[in-house]
Amino acid sequence: MSAREIIDGVRSGALAYEDALDALTGAPAAETDAALSTALSGEFERLFGNGWQPAELHRAVARRGNPIQGRLVADAARDYLRGRDPVDERWRDQADGLRTPEGRKPDRIAVLDASLDLLAELRRMPRIEVLIPPPGTPLTTVPHHGDQRILDRVRALLAKAESTEFPAEAESYSAKAQELITRYRIEEVTVAAVDVVPFARRIGVDHPYESEKAGLLDAVARANTCRTVWSQDLGFSTVFGFDTDIDAVELLYTSLLVQANRAMVRDEKNVRKARLKAFRRSFLVSYGIRIGERMRQTVERELTGHDDLLPVLRNREVKVHEAMDRAFPRTVRVRGSRVDSLEGWESGRAAADEAELR
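Conventions used here
Residues numbered from 1 in each chain as written. Predicted model: local features only at pLDDT ≥ 70, side-chain atom pairs only at ≥ 80, totals over all residues. Heavy atoms only, no water. Pairing = 2+ DSSP bridges. Helix = DSSP H or I, 4+ residues; strand = E, 2+ residues; numbered from the N terminus. Axes fitted to C-alpha atoms, helices over the stretch in contact; angles between N-to-C directions. Contact = heavy atoms within 4.5 Å. Core = buried A, V, L, I, M, F, W, Y, C linked by side-chain atoms within 4.5 Å. Buried < 20%, exposed > 50% of the residue type's maximum accessible area, 1.4 Å probe, protein only. Phe/Tyr/Trp six-rings, centres within 6.5 Å; stacked < 30°, edge-to-face > 60°. Lys NZ or Arg CZ within 6 Å of the ring centre and 35° of its normal. Salt bridge = Lys/Arg side-chain N within 4 Å of Asp/Glu carboxyl O. Parallel < 35°, antiparallel > 145°, perpendicular 65-115°, else oblique. Nonpolar A, V, L, I, M, F, W, Y, C, P; charged D, E, K, R; others polar. Polar contact = N/O pair within 3.5 Å; in protein donor to acceptor, adjacent residues only side chain to side chain.

J.: Help me get a handle on the sheet that holds strand S3 (residues 236–242), residues and values and all.
T.: Strands sit in the order S1-S3-S2 across an open sheet of 3 strands; the sheet is antiparallel. A single partner strand is all that each edge strand has here, and the edge strands are strand S1 (198–204) and strand S2 (227–231). If you compare each strand with its neighbour and ignore which way they point, the axes differ by 20° on average. Across 5 bridges, S2 lies against S3 in antiparallel orientation. Within the sheet, the bridge partner assigned to Thr228 lies in S3 and is Val239. The sheet strands contacting helix H11 (residues 243–267) are S1 and S3, and the helix crosses S1 at an angle near 20°.

This is the structure in structure tokens:
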């Protein structure tokens, strides 16, 4: 068989990856490289045209641990821009931001192995919702972003919460950040001239303990009138909400995850190695549940005295649900993670109290 026929066999699933690799290793290099390049380009075209953004695809591939494959995605994203117009600047910024580390050039067999394996992986990746129009398609309205000064203040507060070694200080900074977010939301909904609609954004959830981290993201989202759909196989959650609320969710989730990891490392020092995994999983489950409770309390406290805004906020919540149902008409509730460590549960709850959002 020719190199193209071998690669087509891999793409269709008719030929096993190992058999194809053996056959391609002995085939003419120029023919094999050209056929692989064409096949990969076709898969990248399909995925970029079917909703995948550069950063998302790079992250999904890079988490498999092969730097050659990550480099192939970065190069493909930049190649995809050429000759295509118009280009959404958010798409371009992602493609330009995929920097590949410099290092020794891998040998050809390693590249061949990585490329063929990547081709098989890309073939299995599904179409996803288009959130940013790919290059060459009409541009949609860019989401309305809130006052950048507010977001900068929130970032500054959360940075202080992450950097301090004193739980009381972290608690104070995180609490102030959530209060600021809620107050800004109140101001935004009282401005009738602001015509905003729900949007969606995909936020990566890294392993290990992806399900537990997705649970924390969902808790933060629900406290800020957003909803999430966790795509476990793809390693991200899609967050639905108004754009300023999603900004807040992303900032809070990132910061709280940093604080959770720091507290977990601190508290696991005396945990037996055999129980470490159960401790960490239970810690993150408890942490996420408690954070959700605390954040809802903060929001309710800030909304006290604003009964006139409750119908408006409820209407926004309905619109968020409608946007999620349109994108994901069929979703299922998954069973929560098991809690196998009482020590981890209590430690996670205590750490969430340290990051209390008053």
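J.: If you had to explain the nonpolar core to someone new, which residues and values would you point to?
T.: In this structure, Val154, Val220, Phe283, Tyr287 and Ile291 are the most contacted members of the largest nonpolar core, which totals 41 residues. Taken together, the elements giving at least two residues each to this core come down to helix H8 (148–163), helix H9 (167–189), helix H10 (210–223), H11, helix H12 (276–303) and helix H14 (342–354). By residue number, the principal contributor to this core is H11, which donates 11 residues. Membership of the second largest hydrophobic core comes to 39 residues, among which are Ala3, Ala39, Ile132 and Phe236.

J.: Give a description of the packing of aromatic side chains that names residues and reports values.
T.: Both the distance between ring centres and the angle between the ring planes are used here to describe each pair of aromatic rings. Taken as a whole, this structure holds 8 aromatic pairs when the rule is applied. On the numbers, 5.1 Å between centres and 55° between planes, the contact of Phe48 with Tyr80 is tilted. With a gap of 32 residues between them, Phe48 in helix H3 (residues 29–49) and Tyr80 in helix H5 (residues 67–81) connect regions that are remote in the sequence. Overall, Phe48 belongs to the buried group, its relative accessible area being 1%. Grouping aromatic residues by their ring pairs yields a cluster made of Phe44, Phe48, Tyr80 and Trp91. Positioned above the aromatic ring of Tyr80 is the side chain of Arg84, whose terminal nitrogen or guanidinium carbon lies 3.8 Å from the ring centre. One Lys or Arg, Arg202, reaches over the ring of Phe236 and ends 5.6 Å from the middle of that ring.

J.: An account of the pattern of salt bridges is requested, with residue identities and associated values reported.
T.: Scanning all chains against the criterion turns up 26 salt bridges. Across the pair Asp33 and Arg108 runs a salt bridge whose closest N-O atoms are separated by 3.1 Å. Taken as a pair, Asp33 in helix H3 and Arg108 in helix H7 (residues 108–124) lie far apart in primary sequence, 75 residues in all. Residue class for Arg108 comes out partly exposed when judged on its relative accessible area of 31%. With a closest N to O distance of 2.6 Å, Glu293 and Arg290 form a salt bridge. One end of the pair, Glu293, and the other, Arg290, are both in helix H12, 3 residues apart, so they sit about a helical turn from each other. Connected through salt bridges with shared partners, the residues Arg64, Asp117, Glu121 and Arg124 form a single ionic network.

J.: Can you lay out the pairing of S1 for me, pointing to particular residues and giving the numbers?
T.: S1 sits mainly inside the fold: 5 of its 7 residues count as buried. Of the strand pairs in this sheet, S1 and S3 are connected by 7 bridges, and their pairing is antiparallel. Among the inter-strand pairings, Arg202 is bridged to a residue of S3, identified as Thr238.

J.: Break down the packing of H10 against H12 for me, citing the residues and quoting the values.
T.: For the pair H10 and H12, the least separation of the axes is 8 Å and the interaxial angle reads 5°. Looking at the two axes, H10 sits roughly parallel to H12. Contacts between H10 and H12 involve Glu212, Leu216, Ala219, Val220 and Ala223 from the former and Arg281, Leu284, Val285, Tyr287, Gly288, Ile291, Gly292, Met295, Arg296 and Val299 from the latter. Classifying every residue of the contact of H10 with H12 gives 10 nonpolar, 2 polar and 3 charged.

J.: Residues and numbers for the pairing of S2, please.
T.: By the criterion of burial, S2 is predominantly enclosed, with 4 of the 5 residues buried. Following S2, the chain reverses through 4 residues before pairing antiparallel with S3; Gly235 in that reversal takes a positive phi of roughly 75°.

J.: Account for the side chain of Gln94, with residues named and values stated.
T.: Note on placement: Gln94 falls in helix H6 (residues 89–96). In this structure the side chain of Gln94 is engaged in a polar contact, spanning 2.9 Å, whose partner is the backbone nitrogen of Ala55. Aside from chain neighbours lying at most four places away, what touches Gln94 is Gln53, Pro54, Ala55, Glu56 and Ile132.

Any functional reading would require information beyond the geometric quantities listed.
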